[in-house]
Amino acid sequence: MSRKFTLWSVTLLLGLAVLGWAAAPACAQEGPQGFTETFDAPELPGWEHAPEVIVSEGVLRIGPAQFAARPGSWQDFTLSFKLRYSGEGETHINYRASDQGSYLLALNPEGVTLLRTIPQSEPRDLGHTGMGAIRGGEWMDFQITLAGGEHTITANGEALIHATDPDPLGPGSLIFASMGQRTTELDDVSLQTTSVQGGIRPVEPAPTAAPTNQPASTGSWQDLLRSLSASQGSAFEADVFAINLILAVVTSFILSRVYIYWGSSLSNRRKFAANFMLLTVTTTFIILVVRSSVALSLGLVGALSIIRFRAAIKEPEELAYLFFAISLGIGLGDNQRAVTLITLAVVVIIIGLARLLRQTQSDVNLHLAITSRGAEKITLQQAMDVLAHHADKLRLLRYDETLDAIEMSFVVEFRHISDLEQARAALQTLSPFVQISFLDNKGVW
């Protein structure tokens, strides 16, 4: 099992816990003898859990990427439970979970692994075994016995792992979680506290204040998880923030100029391109903020799941430019300046080369409507001869003729604004009663 994947999964779990429990009141500590839970009722008093964790048919069902936790301050205990899982992924059992770290028992496709996890540190492998008695889809009886730094883990009466931690963690809580696409089911969960010698021992009350030379290891459940989440973030750097915002303004301005002069959308490109700067700066700001907190990152994912992009996108080109503006903001927000600037330069060069090649092919950029009335109305052939003389490309779209008037619609290509003016003057010399209507497609520069 990858250590980096395990560290990330633990961080993700703790971030989910903060989101799910931020609004919940603190739960009372359990009694000195621990607790027993058979899940006979649909309610889960004393548990904190993700919204989709349910009790069904007397079983606690934890779906993919979900968790259920029992807040407490347990140090030496015997934990027994029945467990069944299905689907790809891992089942995690965290115990002695606190702001100092936790012990993680991971049931993965390769077997069973016991890790000692510390915030901002690589997990330490305390023990590992193959599949053995672990069988997916079947109920298994697990028992975890913890006495000081001694860990003994069995499944269906078969010893899986016996490990010793010379520097044991302090007391903490209990968390069950499903990672990946796995669904985990629990029943008959029982935790009984013990002394190192095996007798019953009450949990010592938490001290009112931590020593000044050591970090506090107790407090409310919300404070514990908040500190765990905060420890995953990086410190705010004002100079980095300012530089990235300035680069966001500069890069979005360059992108807007490229879109205005080299784009081909029918819409008003100047008005549409004005959104690029605000979009890029906003994205940069969001990424700079959420990258410093796992909880905020997960909150952003939840927000994006209910917010739809409501901009009136008329053409695929507009969507492509908007997506690139967002990409610039993401790159700068993640402090990937070199990659972002190089990518912008490459994209601008590619668009410029495509524009030069398109110039040699005479693309259509103008919708032209001509109306002539009265006895001196011009003919279709006269209008086409004049336009063909001044335009690089000409195509008839519509032709209507009555006794009193004639109407014609064309799409044409003019290289310069002077060509349009010369074509207008030539049409009016044919008849003083000619009316001309002009609709810009991509602009005449």
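Report on the accompanying structure.

Scoring rules and cut-offs
Residues numbered from 1 in each chain as written. Predicted model: local features only at pLDDT ≥ 70, side-chain atom pairs only at ≥ 80, totals over all residues. Heavy atoms only, no water. Helix = DSSP H or I, 4+ residues; strand = E, 2+ residues; numbered from the N terminus. Buried < 20%, exposed > 50% of the residue type's maximum accessible area, 1.4 Å probe, protein only. Contact = heavy atoms within 4.5 Å. Axes fitted to C-alpha atoms, helices over the stretch in contact; angles between N-to-C directions. Parallel < 35°, antiparallel > 145°, perpendicular 65-115°, else oblique. Left-handed = near helix turned anticlockwise from the far one by under 90°. Nonpolar A, V, L, I, M, F, W, Y, C, P; charged D, E, K, R; others polar. Pairing = 2+ DSSP bridges.

Remarks on the environment of Ala-405
Relative to the helices and strands, Ala-405 resides in strand E18 (residues 405-413). Take Ala-405: its relative accessible area is 8%, and that puts it in the buried class. Taking C-alpha positions, Ala-405 is 5.6 Å from Ser-372, a pair spaced 33 residues apart along the chain. With residues up to four places along the chain from it excluded, the contact list for Ala-405 reads Ser-372, Arg-373, Lys-377 and Asp-400.

Focus: the packing of helix H8 (residues 380-390) against helix H9 (residues 417-430)
How two helices sit against one another is set out by the angle between their axes and by the gap between those axes. Between H8 and H9, the least distance of the axes is 9 Å, while the angle of their chain directions is 155°. It follows from the interaxial angle that H8 and H9 lie roughly antiparallel. Every pair of crossing elements has a handedness; the one defined by H8 and H9 is right-handed. In this structure, H8 contributes Gln-382, Ala-383, Val-386, Leu-387 and His-390 to the contact, and H9 contributes Asp-419, Gln-422, Ala-423, Ala-426, Leu-427 and Leu-430. Among the residues forming the contact of H8 with H9, the class breakdown is 7 nonpolar, 3 polar and 1 charged.

What about the pairing of strand E13 (residues 158-164)?
Looking at chain direction, strand E12 (residues 150-155) and E13 are connected through 6 bridges and run antiparallel. Bridge pairing in E13 links Ile-153 to Ile-161. Turn length for the E12-E13 hairpin, with the two strands adjacent in sequence and antiparallel, is 2 residues, and the turn residue Asn-156 shows positive phi of about 55°.

Details of the side chain of Asp-419
With respect to the helices and strands, the residue Asp-419 is situated in helix H9. In this structure Asp-419 touches His-390 and Phe-414, once residues within four positions along its chain are discounted.

As for the packing of helix H3 (residues 238-262) against helix H6 (residues 316-333)
Between H3 and H6, whose axes approach to 9 Å, the crossing angle comes to 165°. As the angle between them shows, H3 and H6 are arranged roughly antiparallel. The two elements H3 and H6 meet at a crossing, and its hand is right-handed. Within the contact between the two elements, H3 uses Asn-244, Leu-247, Ala-248, Thr-251, Leu-255, Val-258 and Tyr-259 and H6 uses Glu-317, Glu-318, Tyr-321, Phe-324, Ala-325, Leu-328 and Leu-332. Tallied by class, residues from the contact of H3 with H6 come to 10 nonpolar, 2 polar and 2 charged.

Points about unusual backbone geometry
A positive phi angle, near 60°, is found at Ala-65, a position not held by glycine. Locating Ala-65 in the fold gives a position in the loop between strand E4 (59-62) and strand E5 (67-74). One non-glycine residue, Asn-156, adopts positive backbone phi at about 55°. Here Asn-156 shows up in the loop between E12 and E13. Among the residues examined, Asn-156 registers a relative accessible area of 33% and is labelled partly exposed.

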